[in-house]
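Spelled out from the first residue to the last, the chains are:
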Amino acid sequence: MVALSSEIKEIFTKTKVMPMATASKAGIPNVAPMASILLVNDDTVWIMDNYMVKTLENLKENPVVALYFYDQDTKRCFQIKGSTEIKTSGPDYEKFRDQVKAKGHKYPAKSLIVIKITDVFECTPGKDAGKKVL
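Residues numbered from 1 in each chain as written. Predicted model: local features only at pLDDT ≥ 70, side-chain atom pairs only at ≥ 80, totals over all residues. Heavy atoms only, no water.

Enquirer: I'm lost on the packing of aromatic side chains in this one. Help?
Expert: Two numbers describe a pair of aromatic rings. These are the distance of the centres and the angle of the planes. Scanning all chains against the criterion turns up three aromatic pairs. With centroids separated by 6.0 Å and ring planes inclined at 35 degrees, the aromatic side chains of Phe-69 and Phe-78 adopt a geometry described as tilted. The class of Phe-78 is buried, set by a relative accessible area of 2%. Taken together, the ring pairs in this structure connect Phe-12, Phe-69 and Phe-78 into an aromatic cluster. (Phe/Tyr/Trp six-rings, centres within 6.5 Å; stacked < 30°, edge-to-face > 60°. Buried < 20%, exposed > 50% of the residue type's maximum accessible area, 1.4 Å probe, protein only.)

Enquirer: What is the right way to read the nonpolar core from this model?
Expert: It is characteristic of soluble globular proteins that their nonpolar side chains tend to be buried jointly. Ranked by size, the top nonpolar core spans 25 residues in total, and within it Phe-12, Met-20, Val-45, Ile-47 and Leu-67 carry the most contacts. Leave out the neighbours within four places in its chain, and Phe-12 touches Met-18, Ile-37, Leu-38, Leu-39, Val-45, Leu-67, Phe-69 and Ile-80. By size, the runner-up hydrophobic cluster in this structure holds nine residues, among which are Met-48, Tyr-93, Ala-109 and Val-114. (Core = buried A, V, L, I, M, F, W, Y, C linked by side-chain atoms within 4.5 Å. Contact = heavy atoms within 4.5 Å.)

Enquirer: Would you mind showing me how to read the sheet that holds strand β2 (residues 29-34) here?
Expert: Sheet strands pair via backbone hydrogen bonds, and the direction of the pair is either parallel or antiparallel. Strand order in this open sheet of seven strands is β2-β1-β5-β6-β7-β4-β3, and the pairing throughout is antiparallel. Every other strand in the sheet has two partners, leaving β2 and β3 (37-41) as the edge strands with one partner each. For this sheet, the mean inter-axis angle between neighbouring strands, taken without regard to orientation, is 30 degrees. Two strands pair when backbone bridges link them, and strand β1 (residues 18-23) and strand β5 (residues 64-70) are joined in this way by two bridges, in the antiparallel orientation. Residue pairing for β5: Ala-21 is matched across the bridge by Ala-66. Packed on one face of the sheet, helix α1 (residues 6-14) meets β1, β3, β4 (44-49), β5, β6 (77-87) and β7 (111-122) and runs near 85 degrees to β5. Across the face of the sheet, helix α3 (residues 91-101) comes into contact with β3, β4, β6 and β7 while running at roughly 60 degrees to β4. (Pairing = 2+ DSSP bridges. Helix = DSSP H or I, 4+ residues; strand = E, 2+ residues; numbered from the N terminus. Axes fitted to C-alpha atoms, helices over the stretch in contact; angles between N-to-C directions.)

Enquirer: Can you help me understand unusual backbone geometry in this one?
Expert: The phi torsion of most residues other than glycine is negative, and most of the peptide bonds are trans. Even without being glycine, Lys-75 reaches a positive phi, approximately 65 degrees. Tracing the chain through its elements places Lys-75 in the loop between β5 and β6. Overall, the relative accessible area of 41% leaves Lys-75 in the partly exposed class. Its identity is not glycine, yet Ala-109 carries a phi of approximately 50 degrees, on the positive side. Considering the arrangement of structural elements, one finds Ala-109 in the loop between α3 and β7. What makes Ala-109 buried here is its relative accessible area of 1%.

Purely geometric stuff here, so don't read any function into it on its own.
Take a look at the structure:
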């Protein structure tokens, strides 16, 4: 289990939109912006599928993802990698669906993408860029 530092959690939480990278089983990449996102605990991220098409297809074929988040103020950035599970029912899905739908009727909240964090990497330019943090 990873244990995120308070700095990583703070930067993650203040980032409003994060690019999420996926790849098909054949290795064809896709990157899409994610906005309905929640850091649940040190090793779990929830993302609500509102408009996913290629991303969802990729996740069904290949459950590995990467998320990138950046703090404009400090210029710090990190990448999280993990494996996913897609949920369309159950208490976790219902809880996050209700939170997302409370923001407005334009969010269909079709499925919950649960990411189990496996790795965290430093992305800030400099001598530690690319270094595995966790």
